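# Inside the fold
The residues making up each chain are set out below.
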Amino acid sequence: MDVQEKHPCLWRWHRWQDGLRRPSVVLILGAIALLGWSSLQSTPAWVAVAPAAAPATAKHDVAVAGRRSCVEFYRPVGPRTVVFSIKEFGGVGDGRTSNTEAFRRAVRRVGEFGDKGGAQLNVPPGRWLTGSFNLTSNLTLFLEKDAVILGSQDPEEWPVIEPLPSYGRQNGSIDGQGKMWWDLWWNRTLKHTRGHLLELVNSENILISNLTFLNSPFWTIHPVYCSNVVLKNLTVLAPVHSPNTDGIDPDSSSHVCIEDCYIESGDDLVAVKSGWDQYGIAMAHPSSNIVIRRVSGTTPTCSGVGIGSEMSGGVSSVVVEDLHVWDSAAAVRLKTDVGRGGYITNVTVTNVTMERVKIPIRFSRGSNDHPDEGWDPKAFPRVKGVRISNVVGFDVDKAPVLEGIEGAVYEDVCIRNFSLSITGREPKWHCEFVAGEAYDVSPSPCLQLSSNGSSSWCRHSS
């Protein structure tokens, strides 16, 4: 059995290292250096109800329709005074005509209003075929009801761009209708790696709401080097055996709010990342203040929420609440490796429900995937301050598997109020190179999570 069969969740870019560049990205939407306010919406439009005050954690939530929300990560800007339709730029929504140049012309025109309050570009009902195009600052891209943006299947409409500096060697082809690229991946005939459906780079104050994203060639929504990003009321769908079709991957980004989303994919529903091995270590651009709330879905090979495995720039202050996962490999997974370096600290996971999950909570190691031969075998990750509480699992195959790395720090793990109905053959926890405490846990936890009495920091932590 080769690496591909053993590790269905891993990137496998090392199989195609014949180039150093990757594809341009979009749905088919790419946003490069968005330094103003931008949003992507569809009918009905969602509007934030309170101005932002640069919140640091979920403790600064507001109430929206009686529910806790981190929407104030996004600073509302009000309606755009200038509104265009893609039809004004020659767009044709027949599902056959290429609209690549129409979208590019439209964005150039909208960009003229970037310092005048911005503008809105409407996409009417129809099927709008396009290759890649970049967004711009102070833009609202509004998809009306029954409007569908389709990815072109002409590779010439997807120009190749430079790799992300925190990942190093990358190659790429992209198509918004992903099956062609999945087939090439399975056949091992890709010349470059695949691209993402929507990638936001060096951007801030982004709102994406009330949209459906379908059939990404690779990761679906990828904010990287971004801040103040709200992803709300989204549906992300890909066949559950499509390779590496992560739902939402905040990467080297801060103040990211992911709420009220339904995801089906062939990889993690949500994965928090921050760069790969020596490239991520050198760039040192962490992910921090990430809130993941009321996310539900299924992924038979991967996790509901994953942190890593590319986390070399560091990950801190992650809040996961009200997660519902079924028919999946894991509910929550922390993924690290020798050579990663970096850290995962201050992670809070609470109110998790799962059904028919193989491993409920997992710390994994040793995936042995690296961008090139320059990785440092002495670069160990550090994991500290992981709090998991109020977890219920039905028809679970195994007890949690918490595998640290010998010589690395995995400490201050706190697990409370944790109940699993295990139907498989492995009801005992498996723990290695981890330290922490557990209370009110069934089945009984491993010895590495021994309780320390009534004065325990874990028992009384909030």
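Refer to the structure above for everything that follows.
Residues numbered from 1 in each chain as written. Predicted model: local features only at pLDDT ≥ 70, side-chain atom pairs only at ≥ 80, totals over all residues. Heavy atoms only, no water.

### Concerning the overall build of the chain
Helix and strand counts for the chain stand at four helices and 28 strands. Of the roughly 17,500 Å² that the chain leaves accessible, carbon and sulfur atoms contribute 52%. (Helix = DSSP H or I, 4+ residues; strand = E, 2+ residues; numbered from the N terminus. Areas by Shrake-Rupley, 256 points an atom, 1.4 Å probe, with all protein chains shown as cover.)

### Observations regarding the environment of alanine 119
Looking at where alanine 119 falls in the secondary structure, it is placed in strand E8 (residues 119–123). The spacing of alanine 119 and serine 137 is 18 residues in sequence and 9.4 Å in space, taken between C-alpha atoms. Residues in contact with alanine 119, not counting those within four places in the same chain, are Arg80, Val82, Phe84, Val110, Phe113, Asn138, Leu139 and Thr140. (Contact = heavy atoms within 4.5 Å.)

### Re the state of the cysteines
Across all of its chains, the model carries three disulfides by this definition. In this model cysteine 70 forms its disulfide with cysteine 257; the gap between the sulfur atoms is 2.0 Å. In this structure, the disulfide formed by cysteine 70 and cysteine 257 twists by about 80 degrees around the S-S bond and is classed as right-handed. Pair noted here: cysteine 70 is in the loop between strand E5 (67–69) and strand E6 (83–85) and cysteine 257 is in strand E18 (residues 254–264), with a separation of 187 residues, a long-range link. Residue classification places cysteine 70 among the buried residues on the basis of a relative accessible area of 1%. Classification of cysteine 257 as buried rests on a relative accessible area of 0%. Across the disulfide from cysteine 414 sits cysteine 458; the S-S distance is 2.0 Å. Measuring the twist about the S-S bond at about 80 degrees, one finds the cysteine 414-cysteine 458 disulfide to be right-handed. Residue cysteine 414 is found in strand E26 (residues 409–426), and its partner cysteine 458 is found in the segment after strand E28 (436–442); the two are separated by 44 residues along the sequence. The buried category is assigned to cysteine 414, whose relative accessible area is 1%. (Disulfide = S-S within 2.5 Å. Buried < 20%, exposed > 50% of the residue type's maximum accessible area, 1.4 Å probe, protein only.)

### Thoughts on the pairing of strand E11 (residues 139–143)
For E11, the tally of buried residues reaches five of five residues, placing the bulk of the element in the interior. Alternating residues of E11 divide into Leu139, Leu141 and Leu143 and Thr140 and Phe142, and every residue in both groups is buried. Two elements, E8 and E11, share five bridges in a ladder whose sense is parallel. The partner of leucine 121 across the bridge, within E11, is leucine 141. (Pairing = 2+ DSSP bridges.)

### Thoughts on the pattern of salt bridges
For the coordinates displayed, the defined rule picks out 24 salt bridges. Residues arginine 68 and glutamate 321 are paired through a salt bridge, measuring 3.2 Å at the closest nitrogen-oxygen approach. Of the two residues, arginine 68 sits in strand E5 while glutamate 321 sits in strand E22 (residues 315–335), which places them 253 residues apart along the sequence. Judged by its relative accessible area of 10%, glutamate 321 is buried. With its nearest N and O atoms 4.0 Å apart, the salt bridge here joins glutamate 259 to arginine 294. Remark: arginine 294 occurs in strand E20 (residues 287–298) and glutamate 259 occurs in strand E18; sequence separation between them is 35 residues. Residue glutamate 259 is classed as buried on the basis of its relative accessible area of 0%. Overall, arginine 294 belongs to the buried group, its relative accessible area being 14%. One network of salt bridges, in which partners are shared, links Asp61, Arg67, Arg68, Lys232, Glu259, Asp260, Arg293, Arg294 and Glu321. (Salt bridge = Lys/Arg side-chain N within 4 Å of Asp/Glu carboxyl O.)

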